[in-house]
Amino acid sequence: MPRQAPATRRQLTLLIATAAIAAAVVVAALLPVPYVILSPGPTLNTLGTQSGKPLIVISGHHTYPTSGHLNMVTVSYQGGPSNGFNLFTALQAWLSPHEAVVPESELFGTDLTQQQVTRQDTQQMASSQQLAQAAALCQLGIPFTVLDTVAQIEPGAPAAGVLKAGDVITAVDGKKLTCRADAGTMIRARKPGAPVELTVDRHGTTHQFRMKTANVKGNAVVGVAVNENYKFPLQVKINIGKLTPHGLTGGRFIAGTGEISANGAVSPIGGIQQKMAGARAAGATVFLTPAANCPDTAGAVPQGMRLIKVSTLGGAVRALKALQSGGSVPSC
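Residues numbered from 1 in each chain as written. Predicted model: local features only at pLDDT ≥ 70, side-chain atom pairs only at ≥ 80, totals over all residues. Heavy atoms only, no water.

Asker: I'm lost on the overall build of the chain in this one. Help?
Answerer: The secondary structure content of the chain amounts to seven helices and 22 strands. Counting across all 332 residues of the chain, residues that qualify as buried make up 33%. Roughly 19,200 Å² of accessible area belongs to the chain as shown, and the carbon and sulfur atoms make up 55% of that amount. (Helix = DSSP H or I, 4+ residues; strand = E, 2+ residues; numbered from the N terminus. Buried < 20%, exposed > 50% of the residue type's maximum accessible area, 1.4 Å probe, protein only. Areas by Shrake-Rupley, 256 points an atom, 1.4 Å probe, with all protein chains shown as cover.)

Asker: Even after reading the chapter, I still don't get the sheet that holds strand β6 (residues 69-72), so can you show me in this structure?
Answerer: Strand pairing in a sheet is mediated by backbone hydrogen bonds. Such pairs are either parallel or antiparallel. Spatially, the five strands line up as an open sheet ordered β2-β6-β18-β21-β22, and their pairing is mixed. Strand pairing shows two members of the sheet lacking a second neighbour, β2 (44-45) and β22 (306-310), which therefore form its edges. Packing against the sheet, helix α6 (residues 272-282) makes contact with β18 (253-256), β21 (286-290) and β22, and its axis sits at approximately 165 degrees to β21. (Pairing = 2+ DSSP bridges. Contact = heavy atoms within 4.5 Å. Axes fitted to C-alpha atoms, helices over the stretch in contact; angles between N-to-C directions.)

Asker: Sorry, what's going on with the sheet that holds strand β7 (residues 75-79) here?
Answerer: Taken in spatial order, the three strands of this open sheet run β7-β1-β8, and their pairing is antiparallel. Where the open sheet ends on each side, the last strands, each with one partner, are β7 and β8 (100-103). Put simply, the sheet's adjacent strands are angled 30 degrees from each other on average, direction ignored. Here strand β1 (residues 35-40) pairs with β7 via five bridges, running antiparallel. Following the sheet pairing, P40 is matched in β7 by V75. Here helix α2 (residues 87-95) sits on the sheet in contact with β1, β7 and β8, set at roughly 125 degrees to β8. Of the strands in this sheet, β1, β7 and β8 touch α6, which is tilted by about 30 degrees from β1.

Asker: Would you mind going over α6 with me for this structure?
Answerer: For an α-helix, the turn length of 3.6 residues means that residues three or four places apart are oriented alike. Among the residues making up α6, those that are buried are I272, Q274, K275, M276, A277, G278 and A279. Residues of α6 that are buried sit in contact with β1, β7, β8, β18, β21 and β22. Positive phi shows up at G283, right after α6, with a value of about 120 degrees.

Set out below in structure tokens:
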């Protein structure tokens, strides 16, 4: 029986390389990667119903019927500390035009659990609903009360030893706070070093405190962090009647996104590409896009969708009215 020839160096190298590749494939398939996949999430018509009931119910003010779609959009994610995926899943998502692969730390930070992120998202949703109500009433000119509650005082700041946590600032230099002029805005309206008088409600008793502002990066400040809350003259239950007699959608299927402030300013958000894809898949043909997000939409706008660039709630309303009348609207 002939003897088998010993393996050549090339054959040994090939065997070792094959074994290494096989091991790498197994590791890639088994070990989770520290990334999160962002995908188009569900959309919801804020002018429609949920389980047979209006999504938004307004009481305490006359409302008007409305039609069309004005959809809120969301982003779904896959991954996280307790729900990892392998490298091949990440590569598949990376190749998809409507998905994004981002570092896990962007959503979870360095020490947050999945449950903590969920709880944080719930709190942010509740806060955003209150801000949306404030922005809507501010846009319509319906008055409501703005309350800035002192949450923290900077040691050594003008407010230190004067204000206390829990104090509610109700006026600045005798002017009541409004949705367009909160305490911080009115304090910063003066030159650094100029005095300011704050009207404060402390346990039901009104006080006036006068102090000299400090200079922080060219801004007049008193050194307090506040939580802004509102008292509305009507109830809005988000479970949509309208507060204006004229509809803004014109029967169109409109979706939009952005982070809104009580004064109506619209700030950019993340996941804009996935939100556009989700909205278009649901049938939207018009998408209200925060102006600062416009660069992120390049090359990712779904076919059949028109973007309207907005930077304020008032600007969005004007653009929708112009769209109905055939006028020009700002676009990305």
